[in-house]
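# Residue-level structure breakdown
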Amino acid sequence: MILVVDKETGAKLPFSRGILTRSITLSGVDVGVAYAIASAVQKELIKRGKRFVTTDEIRELTYSTLIERGLREEAERYLFWRTLRRRKVRLTVLLGGATGVGKSTIATELAFRLGILSIIGTDTIREVLRKVIARELLPDIHVSSFLASNVVNAPRGIDPLIYGFETQVKHVSVGIKAVLERSRREGLNAIIEGIHVVPGFIELDENEFMYVITVPGRESLLAHFYERARYSPRGAERYVKNVEKIMRIQDYIVDRAKELGIPVIENVELEKAVTAIMEDLMKRLKKEVD
Ligand SMILES: Nc1ncnc2c1ncn2[C@@H]1O[C@H](COP(=O)(O)OP(=O)(O)OP(=O)(O)O)[C@@H](O)[C@H]1O
Ligand SMILES: O=C(O)[C@@H](CO)OP(=O)(O)O
């Protein structure tokens, strides 16, 4: 067994190919390639007869293995994300977008790549609020976001669908702010995702980045609902019936994003959407590693 030694504390941990694989995926290569590189690194360490290795050595060996395989750009990206990690830069990513566009799927993939352990869904925050605040007091939080217009009275001249939606978003945003405050205080990395992440409702601090996820049209949204229903108790019917409303909410969120300069990421191919977010994060975090 090879032991990884922490230079500062002297603490030792067994070398894990799985952990290295995950950190290599930060460079943008897929898991299969990352696994192959991690295996090559492990083989080289064994060949060198190493019993103890530092994280610096692993990093250098991984970097040079990527270069040897012609993956120069990926090697630079790998180094970038490792440096960010070492400097303990706090990172919070917020993903918004209409119901069913793929926020939680993208969040899971991003969390894996970024090594973020905490994903907070705003549906869960809403669920907690439902337990503590009775339907009679705050009816909007007790229904789906696209049905809130059925339980609140919109002022004259205002689109009831958007008014109902905004009302729920405003209430759930109180919970999102609490989660953000805690992660700021504790320096935690997190991904917060959900329909209630809407540009303009939450103030962002340094190194907190918001993205709005979209689908190109109604057809892809319907495909997502049917796909989800295959493996989840969330049947498609309720969402399919309300797809026009959900698309209208998407238009509203995109307008707000454009107005406020929040990046809009189209989710057609999951891989491309995740890569687009990773690239944008890298650009915006560059100052932290220079
Ligand atoms: N790019 C994609 N290609 C194919 N299927 C996708 C893609 N993105 C997401 N999906 C599928 O679409 C379904 C809905 O995605 P997901 O549950 O992530 O959406 P969501 O935006 O989090 O929804 P909600 O707001 O209702 O919680 C899932 O079954 C997911 O696997
Ligand atoms: O309110 C909504 O739009 C969705 C978001 O995930 O929740 P639910 O599936 O509970 O309707």
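Residues numbered from 1 in each chain as written. Chains lettered and ligands numbered in written order. Predicted model: local features only at pLDDT ≥ 70, side-chain atom pairs only at ≥ 80, totals over all residues. Heavy atoms only, no water.

Under the convention used in this document: UniProt positions are given in the numbering used here, feature names are shortened, and annotations may be inferred rather than shown by experiment.
As annotated in an unreviewed UniProt entry, the protein chain carries the name 2-phosphoglycerate kinase and is attributed to Thermococcus gammatolerans. UniProt, in the comment section headed Pathway (unreviewed entry), describes the protein chain in these words: "Thermoadapter biosynthesis; cyclic 2,3-diphosphoglycerate biosynthesis; cyclic 2,3-diphosphoglycerate from 2-phospho-D-glycerate: step 1/2." The record in UniProt for the protein chain states the following under Cofactor (unreviewed entry): "a divalent metal cation".

## Examining the side chain of Thr167
Stated precisely, the cut-off is as follows: Secondary structure follows DSSP: runs of H or I at least 4 residues long count as helices, runs of E at least 2 residues long count as strands, and numbering of each begins at the N terminus. With a 1.4 Å probe rolled over the protein chains alone, any residue whose accessible area is under 20% of its type maximum counts as buried; one over 50% counts as exposed, and the rest are partly exposed. Here a polar contact is recorded for every N or O atom pair within 3.5 Å, except that within protein the pair must consist of a potential hydrogen donor and a potential acceptor, and residues adjacent in sequence are included only if both atoms are side-chain atoms. In this description, contact between two residues means that some pair of their heavy atoms is separated by no more than 4.5 Å.
In this structure, Thr167 sits in helix 7 (residues 160–186). Judged by its relative accessible area of 12%, Thr167 falls in the buried class. In terms of polar contacts, Thr167 uses its side chain to reach the backbone carbonyl oxygen of Tyr163, at 2.6 Å. With residues near it in sequence (within four places) discarded, Thr167 still touches Asp140 and Val152.

## Considering the pairing of strand 4 (residues 92–96)
It is a general feature of regular strands that their side chains alternate between the two faces of the sheet. We count it as follows: Two strands are said to pair when DSSP picks up at least two bridges between them.
Counting buried residues along strand 4, 5 of its 5 residues qualify, which places the element largely inside the surrounding structure. Where strand 4 lies against strand 6 (residues 190–193), 4 bridges are found, and the strand directions are parallel. Among the inter-strand pairings, Val93 is bridged to a residue of strand 6, identified as Ile191. Pairing analysis gives 5 bridges linking strand 4 to strand 7 (residues 208–214), with the strands arranged parallel.

## Details of the site of ligand 2
Short version of the rule: Proximity is defined per residue: if any heavy atom of the residue lies within 4 Å of a molecule or strand, that residue is considered near it. For every accessible area listed, the method is Shrake-Rupley and the probe measures 1.4 Å; residues are considered covered only by the protein chains on display. Using a 1 Å grid laid over the protein atoms alone, points where a 1.4 Å probe fits but cannot get out form a cavity; open sets with protein on both sides within 12 Å along at least 5 of 7 lines form a pocket; any residue with an atom within 4 Å of a point counts as lining. Here the criterion for a molecule occupying a pocket or cavity is that more than half of its atoms lie within 2 Å of the pocket grid points. Note on residue classes: Ala, Val, Leu, Ile, Met, Phe, Trp, Tyr, Cys and Pro are nonpolar, Asp, Glu, Lys and Arg are charged, and everything else, Gly too, is polar.
Taken together, Thr99, Asp123, Arg126, Ser144, Ser145, Phe146, Ile195, Arg234, Arg238 and Tyr239 make up the full set of residues near ligand 2. Residue Ser145 places a side-chain N or O atom 2.6 Å away from an oxygen atom belonging to ligand 2. Take Arg238: an N or O atom from its side chain is 2.8 Å from an oxygen atom of ligand 2. Considered on its own, ligand 2 offers 310 Å² of accessible surface; in the complex 88% of this is hidden by protein. Judged by the proximity of its atoms to the pocket grid, ligand 2 belongs to the second largest pocket. Counting residues per element, the ones that place at least two in the shell around ligand 2 are helix 6 (122–132) and helix 9 (237–241). Considered class by class, the residues forming the shell around ligand 2 number 3 nonpolar, 3 polar and 4 charged.

## A few points about empty space enclosed by the protein
Put simply, the rule is: Grid points are joined across faces, edges and corners, and a volume is the space filled by probe spheres set on the points. Where each domain begins and ends follows an automated or database-derived domain assignment.
Applying the stated rule across the entire model yields 2 cavities of 30 Å³ or more. Considered as a void within the structure, the largest cavity measures approximately 130 Å³ in volume. If you trace the largest cavity, you find it lined by Leu26, Trp81, Leu84, Arg85, Val89, Leu91, Leu114, Ile116 and Asn189. Of all the elements, helix 4 (residues 72–86) adds the most residues to the lining of the largest cavity, at 3 residues. In this structure, the second largest cavity spans a volume of roughly 50 Å³. Taken together, Leu26, Gly28, Arg77, Trp81, Arg113, Thr275, Met278, Glu279 and Met282 make up the full set of residues lining the second largest cavity. Within the residue set of the lining of the second largest cavity, elements represented by two or more residues are helix 4 and helix 11 (270–289). Here the lining of the second largest cavity gets 4 residues from one element, more than from any other, and that element is helix 11. Residues from two domains meet in the lining of the second largest cavity; each of domain 1 (3–86) and domain 2 (92–289) gives at least three.

## Regarding the site of ligand 1
In the vicinity of ligand 1 lie 18 residues, with Lys103, Thr105, Tyr231, Arg234 and Asn267 positioned nearest. A distance of 2.7 Å separates a nitrogen atom of ligand 1 from a polar atom in the side chain of Asn267. Between ligand 1 and Val268, the relevant distance is 3.1 Å, taken from a nitrogen atom to a main-chain nitrogen or oxygen of the residue. Considering ligand 1 on its own, with 640 Å² of exposed area, one finds that the protein chains cover 85% of that surface. Here ligand 1 is seated within the second largest pocket. Secondary structure elements with two or more residues in the shell around ligand 1: helix 5 (103–114) and helix 8 (218–231). Looking at the shell around ligand 1, the element that brings in the most residues is helix 8, giving 4 residues. Grouping the amino acids of the shell around ligand 1 by side-chain chemistry returns 5 nonpolar, 7 polar and 6 charged.

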